[in-house]
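This is what each chain is made of:
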Amino acid sequence: MSEMLVDERYLTAFGRALMEQEDETAEEQNLQLEQEYVFKCSQKVIDNILNLRDKCGISCSNIIIIFDGATPPAKHATCCFRRKRKEDASVIQNGVHLDPAMRIRAAKTAGAPPHLHAQIIQKLLHELRCHDIPFLVAPYESDSQLMYLSKMGWIDLILSPDSDLVAMSAPALLRNLDMDTSCGEMIRRRDLGSGYHHNFDLSGFTDTHVALMCVAAGCDYCDSLPQVGIVRAHKAVRQAIDEKMDEKVNENNPPVTNSLLRRFFEALYQSSSFEEEGVDKGNYEQRFIDAMCMYLHPVVFDLTREECIFARDPVTHPDSILKAGSDYYCDLCNDPEKMQQIVGKILSQETAKQIASGWYDPKKNVLYKWGDSDKPPESGEDI
C-alpha cells in the first residue's frame, strides 16, 4: 500500500505547484490543489489494482488491501524521528527564497501533510467500497496483519515493498512490482533455507532465527548496533547455532552453558564497536526483545472471531529461545498487560470491528465523518 500511495510524481508535482503560487495564492486555489492531490493519489491506487486484475486475470474479490492502523508503542520513537525529519523538510519546501531544486527534493521527503494523508486514506476507503474491492484496516501494523493472514492460510501471496515480512515468516512475498510489465521480485521463505547461496545460507534457520537476524540488522523497532548489518547479523545467528551443534558432535569440547540468545548477543557485541559509541547493553537488549515481541506477538484482527488477538499468545505459546535467554521476555509473557505496553492494546470487539471495516480512525480514535453515500453498519452487525 505505501508503495502505491507515496507516488513521487504526485508528491513532486504537489510540492512544485505550492512553490509556484507562493504568498499571492488565494485560499480557494490551495484548497482546490489539495482536493486534486487527494483525488490523484487515491485514483492511482485504484488504477493499479484494476490494472493488476486485468493483466493477471485476478478477480477483485480475490484481492484484499490491508491498511496500517495505529502506531504500536514499540514504534513510537521511530515515528517521532521520521516526523521530525518530515517537518524539517517541510520548512525547506516552504522556503520561498531557497533554490527550487532543493525545495522539490524537500517536498519528496516531506510527503503529504498529515491532514492530507488522512484525507487520502478516507477517500481511498470510499473508492474501494464503490469498486467492491475488499480491504481490512489492521489495528496496528499492516505487516503483522499480513503475516497473520498468511500463516492462517487466508492469503496466498503478499504484494509489498517491505522485506521485513520475510522475518515474520511470510511464505511468499512479491516486491518491486512493475505495474506496466506485471513483473517483480518473488521471495519464498522455503527458498531462503535451501542453501542455494553459500555466503548467505539460511538452511537450519527457524522462524525465530530469521527474526533474530532481521532485528539485529536494524528494523523499525530497534536500531542495529554500530557496524552491524545483515551480513554480520546472519553470521552471529549462525555462530550461536553452530556452537551448540559443535558441542553435540565433539564431546571433548567444554559444555556450552549459555542460551542461544546469550551466545547470539555476545557474537553481535564482538562484531560491533558498540562500546566506543556508548551503547548500553541492557538498554539495547530490552529494545531488541521489544522488537522480537512485535514479530512474534503482535496484536492483529482475527477474521473468524471478529476481534483483536495476539497473533501468537505469549502466555500459552512463548518462544523457547527467548524464554531460555531473557528474564525480561519471560516477565512480558507472564503479564499480558505489560506485553500490550509494547505491541499495543487488545481493543474492544466493537472498536476492533469498526477499525477493520474502515469506519473508525485508529490513529485519532474517532469515527470517520462520512457523507450520505457512506454509512457505517449498526452496532452488532457483521463487518
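All of these numbers come straight from a predicted model, not from anything done at the bench.

> A description of the packing of aromatic side chains should follow, citing residues and the corresponding values.
What the rule picks out here adds up to 10 aromatic pairs. With 6.1 Å between their ring centres and 85° between their planes, Tyr 221 and Tyr 295 make a pair best called edge-to-face. Of the two residues, Tyr 221 is situated in the loop between α10 (207-216) and α11 (230-249) and Tyr 295 in helix α13 (residues 281-296); the sequence distance between them amounts to 74 residues. Residues Tyr 221 and Tyr 295 agree in their burial class; the two are buried. Through a chain of ring-to-ring contacts, the aromatic side chains of Phe 264, Phe 265, Tyr 269, Tyr 284 and Phe 288 assemble into a single cluster. The ring centre of Trp 359 lies 3.7 Å from the NZ or CZ of Arg 129, which sits over that ring.

> If you had to explain helix α5 (residues 100-110) to someone new, which residues and values would you point to?
Listed in full, the buried residues belonging to α5 are Arg 103, Ile 104, Ala 106, Ala 107 and Ala 110. All buried residues of α5 project into a common sector of 160° when viewed along the axis, lining one side. Looking one or two places after α5, you find Gly 111, whose phi comes out positive at around 65°.

> Explain the side chain of Glu 285 to me, using residue names and the numbers behind them.
Relative to the assigned elements, Glu 285 resides in helix α13. Of note is the side chain of Glu 285, whose polar atom sits 2.5 Å from the side chain of Tyr 269. The contact partners of Glu 285, leaving out residues within four places of it in the chain, are Arg 262, Phe 265 and Tyr 269.

> So, the side chain of Ser 150: which residues are in play, and what are the values?
Position of Ser 150 relative to the elements: it lies in helix α7 (residues 142-151). Each residue touching Ser 150, except ones within four places of it in the same chain, is listed here: Ile 155, Ile 158, Ala 170 and Pro 171.

> Tell me about the sheet that holds strand β4 (residues 172-178), and name the residues and values.
Spatially, 3 strands are ordered β3-β4-β5 in an open sheet, and the strand pairing comes out mixed. Each edge of the open sheet is held by one strand with a lone partner, namely β3 (158-159) and β5 (183-188). As judged from the 5 bridges shared by β4 and β5, these two strands associate in the antiparallel manner. Along β5, the bridge assignment pairs Arg 175 with Glu 185.

> Residues and numbers for unusual backbone geometry, please.
Even without being a glycine, Gln 227 presents a positive backbone phi close to 75°. Take Gln 227: it is sitting in the loop between α10 and α11.

> Quick one: what's the story with the environment of Thr 208, residue by residue and with numbers?
One can find Thr 208 in helix α10. Residue classification places Thr 208 among the buried positions, given a relative accessible area of 7%. Residues Thr 208 and Ile 321 lie 113 residues apart in sequence; the distance between their C-alpha atoms is 7.8 Å. Not counting the four nearest positions on each side in its chain, Thr 208 is found in contact with Met 292, Leu 296, Asp 319 and Ile 321.

> Pulling in residues and values, what's your account of α13?
Counting along an α-helix, one turn takes 3.6 residues, and residues three or four places apart therefore face a common direction. Between its terminal C-alpha atoms α13 stretches 22 Å, which fits the 22 Å expected from 16 residues at 1.5 Å a residue. What α13 keeps buried is the set Tyr 284, Glu 285, Phe 288, Ile 289, Asp 290, Ala 291, Met 292, Cys 293, Met 294, Tyr 295 and Leu 296. Where α13 starts, the residue carrying a side-chain oxygen 3.3 Å from the main-chain nitrogen of Gly 282 turns out to be Asp 280.

> Break down the pattern of salt bridges for me, with residues and values.
On inspection of all chains with the given rule, the structure shows 14 salt bridges. Of the charged contacts in the structure, one is a salt bridge between Lys 84 and Asp 88, with a shortest N-O distance of 3.0 Å. Residue Lys 84 and its partner Asp 88 are both found in helix α4 (residues 76-93); the two are separated by 4 residues, about one turn of the helix. The exposure class of Asp 88 is partly exposed, given its relative accessible area of 37%. Residue Glu 185 pairs with Arg 175 through a salt bridge whose shortest N-O separation is 2.9 Å.

> Quick rundown of the packing of α13 against helix α15 (residues 327-334)? Include the residues and the values.
Close contact between α13 and α15 brings their axes to 10 Å; oriented N to C, the two are set at 45°. It follows from the interaxial angle that α13 and α15 lie oblique. In terms of crossing hand, the pair formed by α13 and α15 is right-handed. Only Tyr 328, Tyr 329 and Leu 332 of α15 make contact with α13, whose side of the interface consists of Gln 286, Ile 289, Asp 290, Cys 293 and Leu 296.

Rules and cut-offs
- For every chain, the first residue of the written sequence is number 1, and numbering continues from 1 onward in sequence order.
- In keeping with the predicted nature of the model, local features appear solely for residues at pLDDT of at least 70, side-chain atom pairs appear and are counted solely at 80 or more, and the whole-chain, interface and lining totals rest on all residues.
- Heavy atoms from the whole structure form the basis of all side-chain values; hydrogens and water molecules are not counted.
- Stacked, tilted and edge-to-face are the three classes applied to pairs of Phe, Tyr and Trp rings, where Trp contributes its six-membered ring and a pair requires centres within 6.5 Å; stacked means planes under 30 degrees apart, edge-to-face means over 60, and tilted covers the rest.
- A helix here means a DSSP run of H or I that spans at least four residues, while a strand means a run of E at least two residues long, and both kinds are numbered starting from the N terminus.
- Here's how the labels work: a residue is buried when its accessible area is under 20% of the maximum for its type, exposed when over 50%, partly exposed in between, all with a 1.4 Å probe on protein chains only.
- Comment: the charge-over-ring label is applied if NZ (Lys) or CZ (Arg) is within 6 Å of the ring centre and within 35 degrees of the ring normal.
- Along the arc lie the directions from the helix axis toward the C-beta atoms.
- Any pair of N or O atoms that falls within 3.5 Å is considered a polar contact. Within protein, one atom must be able to donate a hydrogen and the other to accept it, and sequence-neighbouring residues count only if both atoms are side-chain atoms.
- In what follows, residue pairs with any heavy atoms lying within 4.5 Å of each other are defined as contacts.
- Two strands are counted as paired when DSSP detects at least two bridges linking them.
- Expected helix span is given by 1.5 Å per residue-to-residue step, counting one fewer step than there are residues.
- When a carboxyl oxygen of Asp or Glu lies within 4 Å of a side-chain nitrogen of Lys or Arg, that pair is called a salt bridge.
- A fitted line through C-alpha atoms represents every axis, and for helices the fit uses only the stretch in contact; the resulting angles, taken between N-to-C directions, go from 0 to 180 degrees.
- By the definition adopted for this analysis, an angle is roughly parallel if under 35 degrees, roughly antiparallel if over 145, roughly perpendicular if from 65 to 115, and oblique otherwise.
- By definition, turning the near helix anticlockwise from the far helix through less than a right angle yields a left-handed crossing, and turning it clockwise yields a right-handed one.

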